[in-house]
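Structural overview
Below are the chains, spelled out letter by letter.
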Amino acid sequence: MNPDMRVTIAGVEFKNPVVTASGTFGFGREYGEFYDLSELGGICVKGLTPLPRLGNATPRVAETPSGMLNAVGLQNPGVDAFIANELPNLRKFDTRVIANISGGTVAEYGEMCEKLSAAGVDMIELNVSCPNVKAGGLHFGTSTESVSSVVREAKMRSTVPIIVKLSPNVTSIADIARACEDSGADALSLINTILGMRIDTRTRRPVLANNVGGLSGPAIFPVAVRMVWQTRCAVRIPIIGMGGIATGDNAVEMLLAGANMVAVGTASFVDPLAPLKVRDGIEKYLRQNEIGSVSELCGGVLLN
Amino acid sequence: MQQVLCRVVRRAQLADDVVALAFESAELARTARAGQFIGVKCGENLLRRPISICDVTGDELTIVFALKGAGTQFLAERKVGDVLDVLGTLGNGFDIPEGEILVVGGGIGSPPLLSAAKTAQTESVNDVATSRVTAILGFRSKPNVILAREFATVCREVYITTDDGTFGRHGTVAAPLEELLSARKFAAVLACGPRPMLRAVAEVAERHGVTCQVSLEERMACGVGACLVCVCATRKDGEIANRRVCRDGPVLDSREVIL
Ligand SMILES: Cc1cc2nc3c(=O)[nH]c(=O)nc-3n(C[C@H](O)[C@H](O)[C@H](O)COP(=O)(O)OP(=O)(O)OC[C@H]3O[C@@H](n4cnc5c(N)ncnc54)[C@H](O)[C@@H]3O)c2cc1C
Ligand SMILES: Cc1cc2nc3c(=O)[nH]c(=O)nc-3n(C[C@H](O)[C@H](O)[C@H](O)COP(=O)(O)O)c2cc1C
Ligand code: FES
């Protein structure tokens, strides 16, 4: 018997528990040349802002042991161009579309939620945790008051479920998670990148033009697992776990820690087929362990 | 674009710190165009390294690379029979028009121009005197000179310059470039090398009214256009826009790129 790979997050059914992580998959066009995007549980698109943004200067990337730093700075065509030029193409595929948004003010989050839910995305992910820009970035996600005001505004103006993407760059992720749940968030996703820095010893200059950037990839995986587990202990709403997932076994670990679904990001850069391999790996684990449904894994860690 | 495992069929040391590797892939050989590159996995290093395609012969592709850090060190240690994990073929490549072509390479920027010269050279290889391609290659010093013989088999003339005058002409590529563009009519200049060289080449070409295609380098992550880390600023109709070097490039019109 085939295990049931479907998961339901805030009333939205995903055909399998693997989505792509925002900013690592563009609007799907490039990796869509490698495989049929309908194979994915969902696609979370590049972070959108009210107006187009050019982003930071280059270099925007630095390799690190088992990871990478990025400082793209939210380059994107703006929410209107996304709705006009990208969403219709994404809608051709039988997969869920999650719009990831970053606002400079609470009102901007609200405006984007209104436009995007009217345009027909399945869910909206509030990025309150981008380490690479000052406005619309980290500061909303690092205090319980500001995150609550963003979530309340988004809930008021969106007709689709709201996911809040949490920053690992906080003292207590549990407090922020609870504040999101109390303000009406339908789901949480974590982790965004961890703030990092590299310096070229020859020139004494930071490798990134932005000096600092967000760490992603296998290097952050154990931090992500720990934070998903802590968040699961703090809230009841669904969690999308991400951060360094590269294999099916990594994904199972994240689900056992308390995630309901996973996102794959940096791993696609290494292997374009990574999201599908992660999906197949989860299915294989379920089959081998005679587990009927992937939803049975959520929070299944047996603590010592 | 596809990910392919390819067997190394040849390895050669071209200079102290420059290695050529040839590997087999019918799939990649079929799609390869001059100026395109591959993303090659270098052992435990997370990100693929972008390396230009230097030559395609039958099912064999050759890359030529300088030893810079851990990734290129790993590549340099590959032996015949080893397997490379390659993503390719990536980027747009040169657009080679009819007429005389001038290729200008600076140091380790020369390899992709060999492939461009070969593509442009429709005449028989035995008759280079009638080739429509001329090459100018600039290097730091005599020990750094690479691919001079290979260019000579497809180009009508090959001008070599070294910064210190230990080989060929003393100075940079700018002087022979100026002379050639003054002497003859070229349909296009194709250039690859460090930014200051590209800036100088573009300036000379534009002054002579010759279109110039520059192949750019930028640090990459995905290599396919999805992550936006590799952008360069371009200007078109007065509007500033970012283009992805890995996808919209690496070859761009010098009049559009803000070099
Ligand atoms: C389109 C393109 C084509 C290229 N073709 C060639 C070629 O034919 N021959 C050749 O010798 N080199 C080429 N390069 C440069 C080559 O990619 C770098 O020298 C190489 O990535 C260095 O890796 P490393 O691990 O040895 O060095 P490290 O400095 O240890 O690399 C650290 C990180 O920085 C990146 N990086 C370092 N230098 C460069 C650079 N100049 N350009 C882009 N990324 C860099 C690496 O990919 C890696 O992610 C090309 C670059 C680009 C963008
Ligand atoms: C190049 C790059 C760009 C990113 N852009 C965004 C973004 O626009 N919005 C966002 O919420 N997260 C962004 N992220 C964070 C990822 O969605 C993800 O949270 C993080 O990379 C951890 O997962 P990973 O290790 O699987 O990549 C970006 C990550 C990378 C590597
Ligand atoms: S390297 Fe990802 S867009 Fe160019």
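For every chain, the first residue of its written sequence is number 1, and the numbers climb from 1 along that sequence. Both sets of labels track the order of writing: A upward for chains, 1 upward for ligands. Residue-level local features of this predicted model are given only where pLDDT is at least 70; pairs of side-chain atoms are given and counted only at 80 or more, and the full residue set underlies all totals for whole chains, interfaces and linings. Derived side-chain values reflect all non-hydrogen atoms in the structure, with water molecules and hydrogen atoms excluded from consideration.

What follows covers the overall build of chain A. The helix and strand inventory of chain A stands at 8 helices and 16 strands. This radius of gyration counts C-alpha atoms alone. The globule rule is 2.2 Å times how many residues there are, raised to the power 0.38. By the compact-globule yardstick of 19 Å for 304 residues, chain A fits well, its C-alpha radius of gyration being 18 Å. Going through the 304 residues of chain A one by one, you find that 60% of them count as buried. Working rule for contacts: check all heavy atoms of both residues, and any pair within 4.5 Å makes them a contact. Here the analysis covers contacts within chain A between residues at least 6 apart in sequence; of these, 70% occur between residues at least 24 apart. With residues, only the protein chains shown are counted as cover, and all accessible areas are computed by Shrake-Rupley using a 1.4 Å probe. Here chain A displays about 11,600 Å² of accessible surface, and carbon together with sulfur accounts for 51% of that area. Charged residues are defined here as Lys and Arg on the positive side and Asp and Glu on the negative side; His and the ends of the chain fall outside this count. In this description, the location of a charge corresponds to atom NZ of lysine, CZ of arginine, CG of aspartate or CD of glutamate. Counting 27 positive and 29 negative side-chain charges, chain A places the centres of these two groups 6 Å from one another. Elements are defined by DSSP. Helices are runs of H or I of four residues or more, strands are runs of E of two residues or more, and each kind is numbered from the N terminus. Buried, partly exposed and exposed residues are distinguished by accessible area as a fraction of the type maximum, computed with a 1.4 Å probe on protein chains only: under 20%, between the cut-offs, and over 50%, respectively.

All names here are of chain A. We call a residue near a given molecule or strand whenever any one of its heavy atoms falls within 4 Å of it. Ligand 2 sits among 23 residues. The nearest are Ser 22, Lys 165, Gly 217, Gly 244 and Thr 266. Here Asn 100 contributes a side-chain N or O atom positioned 2.9 Å from an oxygen atom of ligand 2. In this structure, an oxygen atom belonging to ligand 2 sits 2.7 Å away from a side-chain N or O atom of Lys 165. Coverage of ligand 2 by the protein chains reaches 98% of its 610 Å² of free accessible surface. A cavity here means a set of 1 Å grid points, computed over protein atoms only, where a 1.4 Å probe fits but cannot escape. A pocket is an open set with protein on both sides within 12 Å along at least 5 of 7 lines, and lining residues have an atom within 4 Å of a point. Grid points define the cavity or pocket, and a molecule sits in it when more than half of its atoms lie within 2 Å of them. If you map ligand 2 onto the pockets, it falls in the second largest pocket. For this analysis, a polar contact is any N or O atom pair within 3.5 Å, provided that within protein one partner can donate a hydrogen and the other can accept it, and provided that sequence-adjacent residues contribute only side-chain to side-chain pairs.

All names here are of chain A. Inspection of the secondary structure puts Asn 250 in helix α6 (residues 248-257). Residue Asn 250 is classed as buried on the basis of its relative accessible area, which comes to 16%. Ignoring any residue separated from it by four or fewer positions in sequence, one finds Asn 250 in contact with Phe 221, Gly 244 and Ile 245.

All names here are of chain B. Splitting chain B by domain gives domain 1 (2-90) and domain 2 (101-215). For the purposes of this description, domain bounds are those given by an automatic or database domain assignment. On a C-alpha basis, the centroid separation for the pair domain 1 and domain 2 is 23 Å. If you look at the interface, domain 1 gives 12 residues, while domain 2 gives 12 residues. Put simply, buried area is the surface a 1.4 Å probe can reach on two separate parts but cannot reach once they are joined, added for both. Taken over both partners, the interface formed by domain 1 and domain 2 buries close to 970 Å², and the fraction arising from carbon and sulfur atoms is 66%. Its largest share of buried area at the contact with domain 2, domain 1 owes to Ala 34, Cys 54 and Val 64, together 39% of the area lost on that side. Each reported salt bridge corresponds to a side-chain nitrogen of Lys or Arg within 4 Å of a carboxyl oxygen of Asp or Glu. Taken together, the connections running from domain 1 to domain 2 amount to 1 salt bridge. For Lys 118, the salt bridge is made with Asp 55, and the minimal N-O distance between the two is 3.2 Å. Viewed at the interface, domain 2 and domain 1 are joined by 2 residue pairs in polar contact (both at pLDDT 80 or more). Of all the secondary-structure elements, those providing two or more residues to the side of domain 1 that touches domain 2 are β1 (2-15) and β6 (60-66).

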